Amino acid sequence: MRDDKWLLSRLDFIWSNHFTDVPQINPVFIKFGRFARLRFGSIKMDPRSKKTYITITGMFKDLKVPQEVVDHTIAHELCHYAHGFSSPHSRLHRYPHEGGVIKKEIEKRGLIYLYKAYRQWIRSYREDLKEYYKRKRW
Ligand SMILES: [Zn+2]
């Protein structure tokens, strides 16, 4: 079953295997959010408490979504943390997605297999989504 505890175990796995050079310098929480079809993950830092919150779409609780896709989303948010977005680390770029920095980071960290699995999944997912919106119109 995929719950918040499972999400935390995935975050721990990715962090301790691929982001060991990025120290956790503030409390970081991860949880499933609402069922969002288009936005899979987000990372925010509370400006007052300086706590970081990663939220993953509730859609990914579905076991039909490959684990690599969930891991890819977590890795993406961790890249933002490493780059100083929604984290106390110093900011490495002006914008969080500047010039493909996330993909480069994913690649550098030996996570390109996650990116590939994600690309493959998103292709068929977009088809499903098109069907879904077509049906909804009637
Ligand atoms: Zn992003």
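Residues numbered from 1 in each chain as written. Predicted model: local features only at pLDDT ≥ 70, side-chain atom pairs only at ≥ 80, totals over all residues. Heavy atoms only, no water.

**Student:** Would you mind going over the pairing of strand 1 (residues 28-32) with me for this structure?
**Tutor:** Successive residues of a regular strand alternate their side chains across the two faces of the sheet. Of the two faces of strand 1, only one is covered, namely that formed by Val28, Ile30 and Phe32; the face formed by Phe29 and Lys31 stays uncovered. As paired strands, strand 1 and strand 3 (residues 52-56) are joined by 5 bridges and run parallel to one another. Bridged to Lys31 within strand 3 is Thr55. (Buried < 20%, exposed > 50% of the residue type's maximum accessible area, 1.4 Å probe, protein only. Helix = DSSP H or I, 4+ residues; strand = E, 2+ residues; numbered from the N terminus. Pairing = 2+ DSSP bridges.)

**Student:** What exactly am I supposed to notice about the packing of helix 1 (residues 4-18) against helix 2 (residues 67-82) here?
**Tutor:** Between two packed helices, the angle of one axis relative to the other and the distance separating the axes together describe the packing. The N-to-C vectors of helix 1 and helix 2 enclose an angle of 60 degrees; their axes lie 10 Å apart at closest approach. Regarding the angle of helix 1 to helix 2, the classification is oblique. Here the hand of the crossing between helix 1 and helix 2 comes out right-handed. The residues of helix 2 that touch helix 1, namely those facing Trp6, Leu7, Arg10, Leu11, Ile14 and Trp15, are Gln67, Val70, Asp71, Ile74, Ala75, Leu78 and Tyr81. Classifying every residue of the contact of helix 1 with helix 2 by side-chain character gives 10 nonpolar, 1 polar and 2 charged. (Axes fitted to C-alpha atoms, helices over the stretch in contact; angles between N-to-C directions. Parallel < 35°, antiparallel > 145°, perpendicular 65-115°, else oblique. Left-handed = near helix turned anticlockwise from the far one by under 90°. Contact = heavy atoms within 4.5 Å. Nonpolar A, V, L, I, M, F, W, Y, C, P; charged D, E, K, R; others polar.)

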